[in-house]
Amino acid sequence: MELEQQQQQQQHLIVNGVDESGNKKMIEGDYYLILPSEQNAVYPPCGIIGGLKDTLFFILTCLQYLIHNPMQSIIVGLTHPLCVAILLTITTGYFSGVVICFSQENQRIFYRFHPDIKYQQFILDDIGFTLMPFVDIVQFADIYLGAIIIICLVFRFFITKYRLIILRRYFTLMGVLFAIRLVCVYLTILPDPSRVETTVNSNPFLEGFYIMTGLHFSTVDKLFSGHTMSITLIALFWSHYSGRVPIIDFNPFNWKWVTSYGYPLKITLTSLYVWVYVMIGWCLFVMLRRHYSVDVFLGVIICVVVFEWYHSYILTSCTRKNTLNAFIMWMEQDAPDIPHEMYYFKQEIPLESLQIN
């Protein structure tokens, strides 16, 4: 979009420049902070059929590009921010599994040197265990979590034009949360409140894959709750983006759901349903004895803090020059809902020959 059509914040600059001959010059120009516009940050309702058509067109376009330019497609795909975000999640998820294996062995060593403490007979006192009954279907937690992830990422947001941005941010934050969690799991081992035996018993670097994919079960990954972290992150994404990319045009009271930049003003009805589902999940994880109440509580708090920090930080990351901000701006290079910077120099010197001090 043309510069004059965007909302701008302008700052006049005079900087040191070097032309192609190596002569130093004072370059006079303007620095613009391009703010997101409503037509780019907020999309009109697309409808279910319209969303499916757009998604099908997107998939066919990608396949067509892959067929005609296979090597270029592979390079573009592997260097795409979404691929980097997925790789971050896989890497931290795998090392989280490896750390859990070492923690499992540390727990065995602890019980070996403390024979007076019987395994699974020492459980911390928990208010949640007192108030809620025990439900002996531990694996149901994975099904409950997987259902909302599929509904949210596949059936809700993948059929919208924000698909790549939402998926990229989701996997980025999952990677960050996994990294935080693996430190917590290793530092403090809580006694397992469930009645399930661990299936972690082989090489830690092999078990890391089994734990990451859910094939093996550990009894030490308690603090903080990974299930709570994942399901809360889904609810945060739903409530944050559902008003920005609505599917059905249902607004009988003509309410304004989001700001012109796409940030939510009110909670939608579907978001309310999702939060009810998530809060039931929090209670369910305690009832299944997968986690203590404090594991669930800390999982919610840490997830909310990381989510809100990231979505606040990206709004100003283009105004500060450092390695972290450069990486974030590369990850968010095509995001229409955050400010971007632009330099406009009045002298006719090619930008590639200009060195800014």
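Source: prediction; values computed, not measured.

Cut-offs used in this document
- Residues numbered from 1 in each chain as written.
- Predicted model: local features only at pLDDT ≥ 70, side-chain atom pairs only at ≥ 80, totals over all residues.
- Heavy atoms only, no water.
- Helix = DSSP H or I, 4+ residues; strand = E, 2+ residues; numbered from the N terminus.
- Buried < 20%, exposed > 50% of the residue type's maximum accessible area, 1.4 Å probe, protein only.
- Lys, Arg positive; Asp, Glu negative; His and termini not counted.
- Salt bridge = Lys/Arg side-chain N within 4 Å of Asp/Glu carboxyl O.
- Contact = heavy atoms within 4.5 Å.
- Axes fitted to C-alpha atoms, helices over the stretch in contact; angles between N-to-C directions.
- Parallel < 35°, antiparallel > 145°, perpendicular 65-115°, else oblique.
- Left-handed = near helix turned anticlockwise from the far one by under 90°.
- Nonpolar A, V, L, I, M, F, W, Y, C, P; charged D, E, K, R; others polar.
- UniProt positions renumbered as here; feature names shortened; annotations may be inferred.
- Patch = residues over 30% accessible without salt bridge, like charges linked within 9 Å, V, L, I, M, F, W, Y side chains within 5 Å.
- Areas by Shrake-Rupley, 256 points an atom, 1.4 Å probe, with all protein chains shown as cover.
- Expected span 1.5 Å × (residues − 1).
- Phe/Tyr/Trp six-rings, centres within 6.5 Å; stacked < 30°, edge-to-face > 60°.
- Lys NZ or Arg CZ within 6 Å of the ring centre and 35° of its normal.
- pLDDT = per-residue confidence, 0-100.
- Core = buried A, V, L, I, M, F, W, Y, C linked by side-chain atoms within 4.5 Å.

Assignment of secondary structure puts Glu-207 in helix α8 (residues 204–212). One buried charged residue, Glu-207, forms no salt bridge at all, with the nearest opposite charge on Arg-108 at 7.7 Å. Once residues lying within four places of it in the same chain are set aside, the contact partners of Glu-207 are Cys-101, Thr-199, Val-200, Asn-201, Ser-202 and His-216.

Next up on the list: the packing of helix α4 (residues 81–113) against α8. Running from N to C, α4 and α8 point in directions that differ by 120 degrees, and their axes come no closer than 7 Å. Looking at the two axes, α4 sits oblique to α8. As for the relative orientation of α4 and α8, their crossing is right-handed in sense. Residues Ile-90, Gly-93, Tyr-94, Gly-97, Val-98, Ile-100, Cys-101 and Phe-102 of α4 form the contact with α8, whose participating residues are Pro-204, Phe-205, Glu-207, Gly-208, Phe-209, Ile-211 and Met-212. Of the residues assigned to the contact of α4 with α8, the class counts are 11 nonpolar, three polar and one charged.

This paragraph deals with the UniProt feature "transmembrane region" (unreviewed entry) in the chain. The positions UniProt marks with the feature "transmembrane region" (unreviewed entry) are residues 74–95, 137–158, 170–189, 263–285 and 292–310. Annotated as 82% helix and 0% strand, the span residues 137–158 places its first and last C-alpha atoms 31 Å apart. End C-alpha to end C-alpha, residues 263–285 measures 31 Å, and it is 74% helix and 0% strand.

As a packed pair, helix α6 (residues 140–157) and helix α7 (residues 163–187) sit with axes 10 Å apart at the nearest point and diverge in direction by 155 degrees. With respect to α7, the element α6 is oriented roughly antiparallel. Contacts between α6 and α7 pair Ile-149, Leu-153 and Phe-157 from the former with Arg-163, Ile-166, Leu-167 and Tyr-170 from the latter. Each residue belonging to the contact of α6 with α7 can be placed in one class, and the counts come to six nonpolar, no polar and one charged.

This part takes up a nonpolar patch on the surface. Side chains of Leu-56, Ile-59, Leu-60, Leu-63, Leu-66, Met-71, Ile-74 and Leu-78 sit close together on the surface and give an oily, nonpolar patch of about 760 Å² of accessible area. Taken together, the elements giving at least two residues each to the nonpolar patch come down to α2 (48–68) and α3 (70–78). Looking at the nonpolar patch element by element, the count peaks at five residues for α2. With respect to the helices, strands and loops of the structure, Leu-66 is situated in helix α2. Judged by relative accessible area, which is 41%, Leu-66 ranks as partly exposed.

Taking 1.5 Å of rise per residue, 19 residues should cover 27 Å, and helix α10 (residues 269–287) covers 27 Å from first to last C-alpha, within 8% of that figure. On its buried side, α10 packs onto α5 (127–131), α6, α9 (226–241) and α11 (293–313). Looking one or two places after α10, you find Arg-289, whose phi comes out positive at around 60 degrees.

Scanning all chains against the criterion turns up 17 aromatic pairs. Between Phe-157 and Trp-238, the ring centres sit 6.0 Å apart and the planes meet at 65 degrees, which makes this aromatic pair edge-to-face. Note that Phe-157 is positioned in helix α6 and Trp-238 in helix α9, a separation of 81 residues in sequence. Like Trp-238, Phe-157 is buried. Summarising the aromatic geometry, the rings of Phe-237 and Phe-307 are spaced 5.2 Å apart at their centres and angled 75 degrees between planes, so their arrangement reads as edge-to-face. Of this pair, Phe-237 sits in helix α9 while Phe-307 sits in helix α11, and the two are 70 residues apart along the sequence. Assigned by exposure class, Phe-237 and Phe-307 land together as buried. Positioned above the aromatic ring of Trp-238, the side-chain terminus of Arg-156 is 5.8 Å from the ring centre. Above the plane of the ring of Phe-58 lies Arg-163, whose end atom (NZ or CZ) is 4.7 Å from the centre.

In a structure, side chains of opposite charge can pair up when their charged atoms sit close to one another. Across all of its chains, the model carries 11 salt bridges by this definition. Salt-bridge contacts for Arg-169 lead to Glu-332; the nearest nitrogen and oxygen are separated by 2.9 Å. Of the two residues, Arg-169 sits in helix α7 while Glu-332 sits in the loop between α12 (323–331) and β3 (340–345), which places them 163 residues apart along the sequence. The salt bridge involving Lys-222 is made with Asp-192; its shortest N-O contact spans 3.0 Å. Pair noted here: Lys-222 is in the loop between α8 and α9 and Asp-192 is in the loop between α7 and α8, with a separation of 30 residues, a long-range link.

Once that is clear, we can look at the environment of Tyr-310. Structurally, Tyr-310 can be placed in helix α11. Taking the C-alpha atoms as reference points, Tyr-310 and Ile-328, 18 residues apart in sequence, are found 9.6 Å from one another. Apart from the residues lying within four places of it in its own chain, the contact partners of Tyr-310 are Arg-169, Thr-172, Leu-173, Ile-328 and Glu-332.

Summing up the model confidence of the chain, the mean pLDDT is 80 and the portion of residues at 70 or higher is 81%. The lowest-confidence element of the chain is strand β1 (residues 7–18), averaging 46 in pLDDT; the highest-confidence one is α11, averaging 93. Here residues 1–20 is modelled with pLDDT under 50, and outside its nearest four sequence neighbours on either side it reaches 68 contacts, counting other chains as well. Per-residue pLDDT stays below 50 along residues 348–357; that stretch engages in 18 contacts with residues further than four places along the chain or on separate chains.

On to the nonpolar core. Grouped together as the largest cluster of nonpolar side chains are 57 residues, with contacts concentrated most on Ile-231, Leu-233 and Phe-237. The set of elements that each furnish at least two residues to this core consists of α6, α7, α9, α10, α11 and α12. Sort the elements by how many residues they give to this core and α9 lands first, with nine residues. Apart from residues no more than four positions distant in its own chain, Ile-231 is found in contact with Tyr-144, Leu-145, Ile-148, Tyr-277, Val-278, Trp-282 and Phe-285.

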